Amino acid sequence: MVHLSLYKIVTTLPRPRRRRRNDVIVRGNMAACMARRFISLLSRYRGVRSNLVADVRAAQCISLRPVCGCCLQQNRTLSSRNRPEGKVLETVGVFEVPKQQGKYETGQLFLHSVFGYRGIVLFPWQARLYDRDVASPITEKADASAAHGSKEVKGKTHTYYQVLIDARDCPHISQRSQTEAVTFLANHDDSRALYAIPGLDYVSHEDVLPYSSTDQLPIQHELFERFLSYDQTKVPPFLARETLRAWQEKNHPWLELSDVHRETTENIRITVIPFYMGMREAQNSHVYWWRYCIRLENLGSEVVQLRERHWRIFSLSGTLETVRGRGVVGREPVLSKEQPAFQYSSHVSLQASSGHMWGTFRFERPDGSHFDVRIPPFSLESNKDEKTPPSGLHW
């Protein structure tokens, strides 16, 4: 029997007034690290034990509280050596086998395999994944004498999910610069007003570690009860309310995830997802806005640190802008085996309805040497069938 347990830490001692920064990082890292151990264990047993599915479904699932995600163990109890001081454990659910085929349904509870937070699926998106690491041999041969940006890559369909993040886990996700959110330009006179709904994320199918729970409110988010209802006769037992379906339909242009771009250089994989946010009129001209989400992943064993960014931004109006700077969003993240990924979002505006962005990240090795990692070129396209932008956060 394979026992894979997800633990929830319940504080039994008073918290100090000031929490050490390292303490938060260690706990956040532990959640993501143990999530990856779960995947590793599944891979080790898959194809070896025919009854693995039944074994894993029977595993106790316990979650960390108030820190994010999980501490996965092969036993249902922790020894005094590795039990966090002043904490006790509570069972909150049961792990399920990750789906190799098909999609997860609305209401599926999950643990994020990279960032360790708890979440719940709202609905899926079918995105076009442009992976420059798997270009066809013909394309690669034709590209041998061509410029980097001219490589043609065919997109393939890939499933992503719109999800709610458990608010209790947000402060402890150390590998992200901010809690992910849906952002958009509201229908407002202020041309610089930007609205955001925090705690909404887009998660790739392979990043979902599904689990089930008997808790009727397993996720703490202000939209949980507004979007989902509980029905113990269903699997999963959380169903979409009419408000969720109406919200998805009304705000489809600002929610839709359409293209994902990915490329690996020297074991550093860069994934970019652009989102169109809307257009504003400013000084007798149109200004188009996009948000782009970037994940940096270290697929190797060597510790590296991001030092610089170098962007090129081309607008259909004919302008080409170059941007250089230290790190990203004020940080210079270190990527290691224990903490292999970092993710952040930023925004860009153009005075044209479309354009392109590409560039490089400069990383530093432990010996002080540097190397450049390519950012895959991606398009900035406005929605041709624009609807009226959402008006604030009213329902």
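If you're wondering where the values come from, they're calculated on a predicted model, not measured in any experiment.

**Some remarks on the overall build of the chain**
Okay, step 1: Secondary structure assignment for the chain yields six helices and 22 strands.
Okay, step 2: In the chain, the share of contacts with a sequence separation of at least 24, taken over all contacts with a separation of at least 6, comes to 74%.
Okay, step 3: Carbon and sulfur atoms form 48% of the exposed surface of the chain, whose accessible area is close to 19,800 Å².

**Examining the packing of aromatic side chains**
Okay, step 1: Scanning the entire structure with this criterion turns up 16 aromatic pairs.
Okay, step 2: Taking 5.5 Å as the distance between ring centres and 90° as the angle between the ring planes, the aromatic pair formed by F123 and W125 counts as edge-to-face.
Okay, step 3: On the basis of relative accessibility, which here comes to 6%, the residue W125 falls in the buried class.
Okay, step 4: Here a set of aromatic residues connected by ring pairs shows up, and it is made of F123, W125, F227 and W247.
Okay, step 5: Geometry around F115 places R176 over its ring, the cationic atom sitting 4.7 Å from the centre.
Okay, step 6: For the cation-ring pair, R291 lies above F275, with the distance from its terminal atom to the ring centre recorded as 4.4 Å.

**A few points about unusual backbone geometry**
Okay, step 1: Each neighbour pair has its own omega, and for V235 with P236 the value is -5°, a cis peptide bond.
Okay, step 2: As for its position among the elements, P236 is in the loop between β12 (228-230) and β13 (238-240).
Okay, step 3: Phi is positive for N267, close to 70°, though the residue is something other than glycine.
Okay, step 4: Relative to the helices and strands, N267 resides in the loop between β14 (259-265) and β15 (268-282).
Okay, step 5: Despite not being glycine, V329 shows a phi value in the positive range, around 40°.

**Some details on the pairing of strand β7 (residues 156-165)**
Okay, step 1: With eight of 10 residues buried, β7 lies mostly within the body of the structure.
Okay, step 2: Pairing of strand β6 (residues 118-131) with β7, which is carried by 10 bridges, proceeds in the antiparallel orientation. Within the sheet, the bridge partner assigned to F123 lies in β7 and is Q162.
Okay, step 3: Bridge analysis of β7 against strand β10 (residues 200-204) gives five bridges, and the strand direction is antiparallel.

**Brief notes about the environment of H158**
Okay, step 1: Mapped onto the elements of the fold, H158 is located in strand β7.
Okay, step 2: Take H158: its relative accessible area is 17%, and that puts it in the buried class.
Okay, step 3: Along the sequence, H158 and Y130 sit 28 residues apart, while their C-alpha atoms lie 9.7 Å from each other.
Okay, step 4: If sequence neighbours within four positions are ignored, H158 has contacts with W125, Q126, A127, L129, S204, H205 and E206.

**Examining the nonpolar core**
Okay, step 1: Counting residues in each nonpolar core, the largest one holds 29 residues, and the members touching the most others are I120, L122, L200, W247 and L257.
Okay, step 2: Contributing elements (two or more residues each) for this core: β6, β7, β10, α4 (224-227), α5 (242-250) and β15.
Okay, step 3: Among the elements that take part in this core, β6 stands out by supplying six residues, more than any other.
Okay, step 4: The next biggest cluster of nonpolar side chains, apart from the first, holds 28 residues, and it includes Y276, V304, M357 and V373.

**Here's the deal with the pairing of strand β18 (residues 320-326)**
Okay, step 1: In this sheet, β18 lies alongside strand β17 (residues 304-315) in antiparallel orientation, the contact comprising seven bridges. Of the residues in β18, the one forming a bridge with R309 is G325.
Okay, step 2: Counting the residues between successive antiparallel strands, the hairpin from β17 to β18 contains four residues, one of them, G318, with a positive phi of roughly 105°.

**Concerning the confidence of the model for the chain**
Okay, step 1: With 65% of its residues at a pLDDT of 70 or more, the chain shows a mean pLDDT of 76.
Okay, step 2: Segment residues 7-29 is flagged for pLDDT under 50; beyond a separation of four residues in sequence, or across chains, it makes 55 contacts in the model.

**Section: the environment of D367**
Okay, step 1: By the secondary structure assignment, D367 is in the loop between β21 (354-364) and β22 (370-381).
Okay, step 2: With a relative accessible area of 62%, D367 lands in the exposed category.
Okay, step 3: Expressed as a C-alpha distance, the spacing of D367 and V304, which sit 63 residues apart in the sequence, is 9.9 Å.
Okay, step 4: Among the polar contacts listed, one links the side chain of D367 to the side chain of S369, at a separation of 2.7 Å.

**Digging into the pattern of salt bridges**
A pair can form between side chains of opposite charge whenever their charged atoms are brought close.
Okay, step 1: On inspection of all chains with the given rule, the structure shows 17 salt bridges.
Okay, step 2: Among the ionic pairs, R262 bridges to D131, the shortest N-O distance being 3.0 Å. Within this pair, whereas R262 is found in strand β14, its partner D131 is found in strand β6, the two being separated by 131 residues in sequence.
Okay, step 3: Looking at R262, the relative accessible area reads 12%, which means it is buried.
Okay, step 4: The exposure class assigned to D131 is buried, which follows from its relative accessible area of 7%.
Okay, step 5: Note that R326 and E332 form a salt bridge whose closest N and O atoms lie 3.2 Å from each other.
Okay, step 6: Residues joined by salt bridges that share partners form a network here, namely D207, R269, R295 and E297.

Here is what the cut-offs are and how they apply
- Residues numbered from 1 in each chain as written.
- Predicted model: local features only at pLDDT ≥ 70, side-chain atom pairs only at ≥ 80, totals over all residues.
- Heavy atoms only, no water.
- Helix = DSSP H or I, 4+ residues; strand = E, 2+ residues; numbered from the N terminus.
- Contact = heavy atoms within 4.5 Å.
- Areas by Shrake-Rupley, 256 points an atom, 1.4 Å probe, with all protein chains shown as cover.
- Phe/Tyr/Trp six-rings, centres within 6.5 Å; stacked < 30°, edge-to-face > 60°.
- Buried < 20%, exposed > 50% of the residue type's maximum accessible area, 1.4 Å probe, protein only.
- Lys NZ or Arg CZ within 6 Å of the ring centre and 35° of its normal.
- Pairing = 2+ DSSP bridges.
- Core = buried A, V, L, I, M, F, W, Y, C linked by side-chain atoms within 4.5 Å.
- pLDDT = per-residue confidence, 0-100.
- Polar contact = N/O pair within 3.5 Å; in protein donor to acceptor, adjacent residues only side chain to side chain.
- Salt bridge = Lys/Arg side-chain N within 4 Å of Asp/Glu carboxyl O.

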